[in-house]
Amino acid sequence: MIYDPYSREMQHDPYPTYRRFRDEEPCHYNPKMDFYALFRFEDVWEASLDWQGYSSRLGHDLSNRDQPGEPGVIISMDPPRQNVLRKLVAKGFTPARIDSLEAEMRATACRLLDPLMDREHFDIQAEFGKKYPMEIIGALVGFPEESREMFREWSDLALSRDPDTGQQAPGALEAGVKARDFVREILEERRRAPQDDLMTILAQSEYQDTDGQTKHLTDAEVVGFITLLGQAGAETTAKLIGNALVYLSREPSLRQRIWDEPHLIPQAIEELLRFDAPSQFQGRTAGRTLEMHGVTIPEGARVALVTGAACRDEREFDRPDTIDIDRPRNRQLYFGQGQHFCLGKSLARLETRIALEELGERFPNYAIDEDDLTRTYQAHVRGFATVPFRPQRQA
Ligand code: HEM
């Protein structure tokens with residue numbers, strides 16, 4: 001039994017395999033790809049809280065052995081530097097600050113959804129699920145409106161994997177470079193003409209470094225940070241919206257319940273995140289020799305914390321394979337935990353709540369052409385590429 005996160009089978013339905021690993025081999029070594037993986041909730045939880053033992057310094061890509069993360073990309077960094085940089089933008093992502101964006105977000109959702117009202121059949125991911133989160137994060141960070149779609153396409157491609165080889169998809173590397181070049185150009189403009197956006201705030205911010213010196217972020221750090229926010233902000237939320245539409249269409253009585261009682265939408269979102277976590281695993285590097293379930297993980301080895309498996313662990317959740325929006329909400333892992341706890345979780349929750357409210361308002365009886373659903377083949381992100389959508393159920 002081998003866990004290959006990039007295989008077609010795993011991207012299609014990883015859950016039976018995850019169950020086998022949780023039960024039979026909770027600490028697994030993949031000799032072909034040379035990494036270890038943890039599947040149980042408790043293990044992923046503890047590892048997420050132990051950043052010294054499970055370092056982020058080599059990022060999420062499990063094939064990376066020696067390249068430190070790009071400057072400014074806090075998800076591929078450890079404290080103390082990660083703390084310093086994270087604090088610089090954390091102020092922009094507090095629940096209060098995010099709540100203040102609600103009216104703007106709703107206007108964006110309506111602007112994208114209204115033209116779809118008269119259409120009979122379309123791909124809701126292309127028309128809304130992918131566009132809307134990019135519009136929101138693009139406006140926050142300061143991407144010009146006309147370039148947001150292009151940035152999203154590059155981000156999509158940069159994360160893509162070939163399902164047959166598990167290698168980066170053709171053009172993925174170049175797409176990542178293009179995305180960063182694009183951000184670099186906007187940064188140059190902002191340095192000349194500051195605006196009211198996160199790019200300008202980061203470009204101008206001063207901070208006290210770990211050596212006590214007051215410093216500014218370098219251009220490379222601002223570019224890395226903004227590219228990360230753009231990608232992290234758009235990719236995962238798009239997957240969540242697509243998942244929500246598909247899984248709710250499979251549970252019509254639950255769907256009707258949340259349309260009738262919209263105050264239940266937030267708890268439905270939490271359950272959908274648990275049921276199919278958009279970010280399926282978090283890449284780490286062993287910071288010391290670790291012992292897990294009788295397996296020795298040597299210092300320096302790559303380790304996957306398999307969030308997707310942890311969120312379905314029957315040791316933590318009753319009937320984990322059932323969508324139950326009333327289940328008690330205790331510990332959760334779909335936004336990570338500990339040092340790298342998702343910076344954009346309030347934004348993602350609010351965005352998705354507004355999306356579902358507006359979708360429910362317009363298309364309460366929508367249907368999905370299940371046979372034509374397609375999945376993305378991406379690194380750690382899992383979700384639908386296309387979601388063929390019919391606003392009205394056919395008679
Ligand atoms: C449904 C949507 C989302 C999901 C499921 C999600 C999931 C995650 C997870 C699992 C992590 C932890 C990574 C790790 O431990 O290595 C993370 C970190 C992060 N997320 Fe999100 N995320 C979502 C939306 C967003 C949004 C909208 C933003 C935009 C600002 C964002 C920005 C970030 C950043 C910057 C980090 C890195 C934080 C750090 O390293 O300190 N995420 N996210």
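The structure under discussion appears in the preceding block.
Attention here is on the structure that accompanies the text. Predicted model, so just to flag it, every value in this text is computed and none were measured.

A look at the site of the ligand
Now for step 1: In the region of the ligand, 28 residues are neighbours, and Gln82, Arg86, Arg284, His340 and Cys342 sit closest.
Now for step 2: A distance of 2.9 Å separates an oxygen atom of the ligand from a polar atom in the side chain of His60.
Now for step 3: Within the backbone of Ile75, one N or O atom sits 3.4 Å away from an oxygen atom of the ligand.
Now for step 4: Counting residues per element, the shell around the ligand draws most heavily on helix H12 (residues 219–249), which supplies seven residues.
Now for step 5: A per-class count over the shell around the ligand returns 16 nonpolar, ten polar and two charged.

Here's the deal with the side chain of Thr200
Now for step 1: Note on placement: Thr200 falls in helix H11 (residues 198–204).
Now for step 2: Assessed through its relative accessible area of 4%, Thr200 is described here as buried.
Now for step 3: If near-sequence neighbours (up to four positions away) are discounted, Thr200 is found in contact with Arg190, Pro194 and Gln195.

Side note on helix H16 (residues 345–362)
Now for step 1: Under the 1.5 Å per step criterion, the end-to-end length of H16 is 26 Å for 18 residues, consistent within 8% with the ideal 26 Å.
Now for step 2: Most of H16 is tucked away: 15 of the 18 residues are buried.

Here's the deal with the packing of helix H8 (residues 131–141) against H12
Now for step 1: Remark: H8 packs on H12, axes separated minimally by 8 Å, with the N-to-C direction vectors making an angle of 155°. Here H8 lies roughly antiparallel to H12, going by the angle between them. Crossing angle aside, the handedness with which H8 passes H12 is right-handed. Every residue of H12 that contacts H8 at Tyr132, Pro133, Met134, Ile137 and Val141 is listed here: Ile226, Leu229, Gly230, Gly233, Ala234, Thr237, Ala238 and Ile241.
Now for step 2: Broken down by class, the residue content of the contact of H8 with H12 amounts to ten nonpolar, three polar and no charged.

Some details on the packing of aromatic side chains
The geometry of two aromatic rings is summed up by the distance between their centres and the angle between their planes.
Now for step 1: Evaluated as defined, the whole model comprises 23 aromatic pairs.
Now for step 2: Geometrically, the ring pair formed by Phe143 and Phe182 is edge-to-face, given 5.2 Å between the ring centres and 70° between the ring planes. Note that Phe143 is positioned in the loop between H8 and helix H9 (148–158) and Phe182 in helix H10 (residues 172–192), a separation of 39 residues in sequence.
Now for step 3: Looking at Phe182, the relative accessible area reads 9%, which means it is buried.
Now for step 4: Site record: aromatic cluster; members linked through ring pairs are Tyr3, Tyr15, Tyr18, Phe21, Phe35 and Phe39.
Now for step 5: Lying over the aromatic face of Tyr6, Arg161 brings its terminal NZ or CZ to 4.0 Å of the ring centre.

Topic: the sheet that holds strand S3 (residues 54–55)
Now for step 1: What the five strands build is an open sheet, ordered S1-S2-S10-S7-S3; its pairing is mixed. Strands at the two margins of the open sheet, each flanked by one partner only, are strand S1 (27–30) and S3.
Now for step 2: The pairing of S3 with strand S7 (residues 282–286) spans two bridges and is antiparallel. For Tyr54, the partnering residue across the bridge sits in S7 and is Ala286.

A short note on the pattern of salt bridges
Now for step 1: Tallying each qualifying case throughout the model produces 45 salt bridges.
Now for step 2: Of the charged contacts in the structure, one is a salt bridge between Glu102 and Arg353, with a shortest N-O distance of 3.2 Å. With Glu102 in helix H6 (residues 102–113) and Arg353 in helix H16, this pair connects stretches of sequence that are 251 residues apart.
Now for step 3: Residue classification places Arg353 among the partly exposed residues on the basis of a relative accessible area of 22%.
Now for step 4: Among the salt bridges present, the one from Lys239 reaches Glu235, with a minimum N-O distance of 2.8 Å. Of the two residues, Lys239 and Glu235 are both situated in helix H12; the distance of four residues between them amounts to about one turn of the helix. Neither Lys239 nor Glu235 differs from the other in exposure class; each is buried.
Now for step 5: Taken together, the salt bridges that share partners define one network made up of Arg19, Arg22, Asp23, Arg312, Asp313, Glu314, Arg315 and Asp321.

Some thoughts on H10
Helical geometry: 3.6 residues make up each α-helical turn, so side chains three or four residues apart lie on a common side.
Now for step 1: Compared with an ideal rise of 1.5 Å per residue, which puts 21 residues at 30 Å, H10 spans 31 Å between its outermost C-alpha atoms and is within 8% of the ideal.
Now for step 2: The complete set of buried residues in H10 reads Ala172, Ala175, Gly176, Ala179, Phe182, Val183, Ile186, Leu187 and Arg190. Along the long axis of H10, the arc covered by the buried residues comes to 140°, so they all point the same way. For H10, the exposed residues lying more than 90 degrees away from the buried face are Leu173, Glu185 and Arg192.
Now for step 3: On the buried face of H10, the contacting elements are H9, H11 and H12.

Reading guide: rules and limits
Residues numbered from 1 in each chain as written. Predicted model: local features only at pLDDT ≥ 70, side-chain atom pairs only at ≥ 80, totals over all residues. Heavy atoms only, no water. Near = heavy atom within 4 Å. Polar contact = N/O pair within 3.5 Å; in protein donor to acceptor, adjacent residues only side chain to side chain. Helix = DSSP H or I, 4+ residues; strand = E, 2+ residues; numbered from the N terminus. Nonpolar A, V, L, I, M, F, W, Y, C, P; charged D, E, K, R; others polar. Buried < 20%, exposed > 50% of the residue type's maximum accessible area, 1.4 Å probe, protein only. Contact = heavy atoms within 4.5 Å. Expected span 1.5 Å × (residues − 1). Axes fitted to C-alpha atoms, helices over the stretch in contact; angles between N-to-C directions. Parallel < 35°, antiparallel > 145°, perpendicular 65-115°, else oblique. Left-handed = near helix turned anticlockwise from the far one by under 90°. Phe/Tyr/Trp six-rings, centres within 6.5 Å; stacked < 30°, edge-to-face > 60°. Lys NZ or Arg CZ within 6 Å of the ring centre and 35° of its normal. Pairing = 2+ DSSP bridges. Salt bridge = Lys/Arg side-chain N within 4 Å of Asp/Glu carboxyl O. Arc of directions from axis to C-beta.

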